[in-house]
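Okay, here's what each chain looks like letter by letter:
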Amino acid sequence: MILGLAGGCYFFKIGGLIAADVTRPTPRLYRLLSDLTPAVLAGLIVVQAFDGGGTLEIGANTAGLFVGALAAWWRAPFAVVLVLAAAATAGLRLL
Amino acid sequence: MGNRLKLFWARDHRRDGVLLGAAVGIFGVTFGVLAAASGLSALKATAMSLLVFTGASQFAALGIVSSGGDPLSALGTALLLAARNGVYALSISEVLPTNRVRRLAAAQLVIDETAAMSTSQPAMEESREAFWITGISVFVFWNAGTLIGVLVGEVVGDPLSWGLDAAFPAGFFALLLPHLSNTRKRVAALLGAGIAVIGIPLLPRGLPVLAAGLGAVIAATAGGNKR
């Protein structure tokens, strides 16, 4: 999996360089490739926060995400965001 | 400080490149800690940082595998997230060396930080320097950070693992914020989230995240021209 990922990621990097030598891609392709990041990250957040195995569920981790997201919104350092989210979730589970 | 070092440090683009790398090193530590808390071996975590060298994709693959997702959907999601590096490569291709071997090595360093640093310079010479200094600095600090994080994570990983299923999405949210730079990208994110919500009960596991990529297709087709 790691090697596949490494190869695939390098493919995009080198592919972009080769493409630049050969052709100018359309602005639409440009936009699509760079818009994939926000779209897929947002989808990933939703799935990790609400997917209870094929049903939408709100769990302790959903609350923890909310705490971490607020911290991120207020520009807390990345490590603080992770620790707050994990701590809030762990705390709720201990209750 | 030696005279040469002082001269090196006196230029903003060089200093900023080194400092940016050091800041990314902290992300590297968090990646290592999360990798250890998710049960990934030190060897695999380090190999990932050396060879994949794309933060968001590494976090995503790790998050999906650690929540019990299958490797194939982890791979697909991480690759969709890596596609933007192709755009960066296209836009800074003139900054990179023409020598074939150096170009192949430089390609591995094409990421968010190097693209941002080299495109924000006023002239070609500064762009080139900013690319290499930032790229090498991020590469060194990201990998050193990962290694330190794995070691730290083997000690503190257990408490963190109680809330790992919140730490990952909260981290993704922090990674998402800088990518919401214009309305079209914000629409792409909202569409991606909406498609995932609809997809969870309807699609097999792993597919809702990939389907969220359609949000980008819609936004890029209908939306404005800004990068």
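Residues numbered from 1 in each chain as written. Chains lettered and ligands numbered in written order. Predicted model: local features only at pLDDT ≥ 70, side-chain atom pairs only at ≥ 80, totals over all residues. Heavy atoms only, no water.

Student: Can you break down the overall build of chain B residue by residue, with the values?
Tutor: When its secondary structure is counted, chain B shows 13 helices and zero strands. Counted from the first residue to the last, chain B has its helices and strands arranged as α-α-α-α-α-α-α-α-α-α-α-α-α. Relative to the globule expectation of 17 Å for 227 residues, the C-alpha radius of gyration of chain B, 19 Å, shows essentially globular dimensions. Counting over 227 residues, chain B shows a buried share of 51%. At a minimum sequence separation of 6, the contacts of chain B that also span at least 24 residues come to 72%. A total of about 10,200 Å² of accessible surface is found on chain B, and carbon and sulfur atoms cover 68% of it. Within chain B, the 12 negative side-chain charges are centred at a point lying 8 Å from the centre of the 17 positive side-chain charges. (Helix = DSSP H or I, 4+ residues; strand = E, 2+ residues; numbered from the N terminus. Rg over C-alpha atoms; globule rule 2.2 N^0.38 Å. Buried < 20%, exposed > 50% of the residue type's maximum accessible area, 1.4 Å probe, protein only. Contact = heavy atoms within 4.5 Å. Areas by Shrake-Rupley, 256 points an atom, 1.4 Å probe, with all protein chains shown as cover. Lys, Arg positive; Asp, Glu negative; His and termini not counted. Charge placed at Lys NZ, Arg CZ, Asp CG, Glu CD.)

Student: Could you give an account of the interface of chain A and chain B, naming the residues involved and the relevant values?
Tutor: Listed as interface residues are 60 residues of chain A and, on the opposing side, 86 residues of chain B. Run the count over chain A and chain B and you get three salt bridges. Residue A:Arg93 is joined to B:Asp165 by a salt bridge in which the shortest nitrogen-to-oxygen separation is 2.7 Å. Counting across the interface, chain A meets chain B through 14 residue pairs in polar contact (both at pLDDT 80 or more). (Salt bridge = Lys/Arg side-chain N within 4 Å of Asp/Glu carboxyl O. Polar contact = N/O pair within 3.5 Å; in protein donor to acceptor, adjacent residues only side chain to side chain.)

Student: Give me a nonpolar patch on the surface: which residues, what numbers.
Tutor: Among the surface-exposed residues, A:Leu56, B:Val197, B:Ile198, B:Leu202, B:Leu203 and B:Leu207 lie close enough to one another that they form a single nonpolar patch of about 540 Å² accessible area. It is helix α11 (residues 183-202) of chain B that contributes the most residues to the nonpolar patch, three residues altogether. Tracing the chain through its elements places B:Val197 in helix α11. The exposure class of B:Val197 is partly exposed, given its relative accessible area of 33%. (Patch = residues over 30% accessible without salt bridge, like charges linked within 9 Å, V, L, I, M, F, W, Y side chains within 5 Å.)

Student: Go over the packing of aromatic side chains, please, and point to the residues and values.
Tutor: Considering all chains together, one arrives at nine aromatic pairs over all chains under this definition. Counting every residue linked through ring pairs, the aromatic cluster contains A:Phe78, B:Phe27, B:Phe31, B:Phe59 and B:Trp142. (Phe/Tyr/Trp six-rings, centres within 6.5 Å; stacked < 30°, edge-to-face > 60°.)

Student: An account of the domain arrangement of chain B is needed here, citing residue identities and associated values.
Tutor: All names here are of chain B. Domain parsing of chain B yields domain 1 (3-160) and domain 2 (180-227). Look at where the C-alpha atoms of domain 1 and domain 2 centre, and you get two points 25 Å apart. Counting residues at the interface gives eight residues for domain 1 and five residues for domain 2. The contact between domain 1 and domain 2 buries some 460 Å² in all, and 63% of this surface belongs to carbon and sulfur atoms. (Domains from an automatic or database assignment. Buried area = accessible area lost by both parts, 1.4 Å probe.)

Student: Which residues make up helix α5 (residues 71-82) of chain B, and what values do they have?
Tutor: Between its first and last C-alpha, α5(B) extends 16 Å over twelve residues, near the 16 Å set by a 1.5 Å rise per residue. B:Ser73, B:Ala74, B:Leu75, B:Thr77, B:Ala78, B:Leu81 and B:Ala82 are the residues of α5(B) that are buried. Among the structural elements, α1 (2-22) and α2 (27-50) of chain A together with α4 (55-66), α6 (84-91) and α12 (207-212) of chain B are those in contact with the buried residues of α5(B). (Expected span 1.5 Å × (residues − 1).)

Student: Give a detailed account of the packing of helix α4 (residues 78-94) of chain A against helix α10 (residues 164-176) of chain B, specifying residues and quantitative values.
Tutor: Interaxial distance between α4(A) and α10(B) falls to 8 Å at its minimum, and their mutual angle equals 150 degrees. Looking at the two axes, α4(A) sits roughly antiparallel to α10(B). Viewed along their axes, α4(A) and α10(B) form a crossing whose handedness is right-handed. Within the contact between the two elements, α4(A) uses A:Phe78, A:Val81, A:Leu82, A:Ala85, A:Ala86, A:Thr89 and A:Arg93 and α10(B) uses B:Asp165, B:Ala166, B:Ala167, B:Ala170, B:Gly171, B:Ala174 and B:Leu175. Split by residue class, the contact of α4(A) with α10(B) holds ten nonpolar, two polar and two charged. (Axes fitted to C-alpha atoms, helices over the stretch in contact; angles between N-to-C directions. Parallel < 35°, antiparallel > 145°, perpendicular 65-115°, else oblique. Left-handed = near helix turned anticlockwise from the far one by under 90°. Nonpolar A, V, L, I, M, F, W, Y, C, P; charged D, E, K, R; others polar.)

Student: Can you tell me about the side chain of B:Ser57, naming the residues and giving the values?
Tutor: Along the chain, B:Ser57 falls in helix α4. Take B:Ser57: its relative accessible area is 0%, and that puts it in the buried class. Setting aside anything within four residues of it in sequence, one finds B:Ser57 in contact with A:Cys9, B:Ala78, B:Leu81 and B:Ala82.

Student: Kindly report on the pattern of salt bridges, identifying the contributing residues and their values.
Tutor: Evaluated as defined, the whole model comprises seven salt bridges over all chains. One salt bridge connects A:Asp35 with B:Arg184, and the closest N-O pair in it is separated by 2.6 Å. Linking A:Asp35 in helix α2 with B:Arg184 in helix α11, this pair reaches from one chain into another. A relative accessible area of 0% means that A:Asp35 is categorised as buried. Among the ionic pairs, B:Arg84 bridges to B:Asp112, the shortest N-O distance being 2.8 Å. Separated by 28 residues along the polypeptide, B:Arg84 in helix α6 and B:Asp112 in helix α8 (residues 112-119) bring together distant segments of the chain. Judged by relative accessible area, B:Asp112 falls into the partly exposed class, the value being 24%.

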